[in-house]
Amino acid sequence: MEQTFTDAASRLAGMAGLLLGWRPREFWAATPGELEAIFAAARGDAAEARAPDGETIAKLMEMYPDG
């Protein structure tokens, strides 16, 4: 059976609510990359969940100066 976007989103929203205590608003505000990083860390995949380096942080601060 083929999984639809709705099926996948419902499953992920449920996992985020159960594991992270997120309400729908927090789930839908998160990016796919943020969700992957959180679930990678929960799985213990340290390589996938590593912190951004200084250069990446500086670029983000420049892109989003309001914090």
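This write-up is about the structure you can find in this document. Here the structure is a predicted model, which means the values were calculated and not measured. (Residues numbered from 1 in each chain as written. Predicted model: local features only at pLDDT ≥ 70, side-chain atom pairs only at ≥ 80, totals over all residues. Heavy atoms only, no water.)

Observations regarding the environment of Leu19
Tracing the backbone shows Leu19 in helix α1 (residues 5-20). Owing to a relative accessible area of 55%, Leu19 belongs among the exposed residues under this scheme. Sequence separation between Leu19 and Phe39 is 20 residues; the distance between their C-alpha atoms is 9.6 Å. (Helix = DSSP H or I, 4+ residues; strand = E, 2+ residues; numbered from the N terminus. Buried < 20%, exposed > 50% of the residue type's maximum accessible area, 1.4 Å probe, protein only.)

Some details on the packing of aromatic side chains
Inspection of the entire model under this criterion finds one aromatic pair. Centre to centre, the rings of Phe27 and Trp28 are 4.9 Å apart; their planes meet at 80°, and the pair counts as edge-to-face. On the accessibility criterion, Trp28 (55% relative accessible area) is exposed. (Phe/Tyr/Trp six-rings, centres within 6.5 Å; stacked < 30°, edge-to-face > 60°.)

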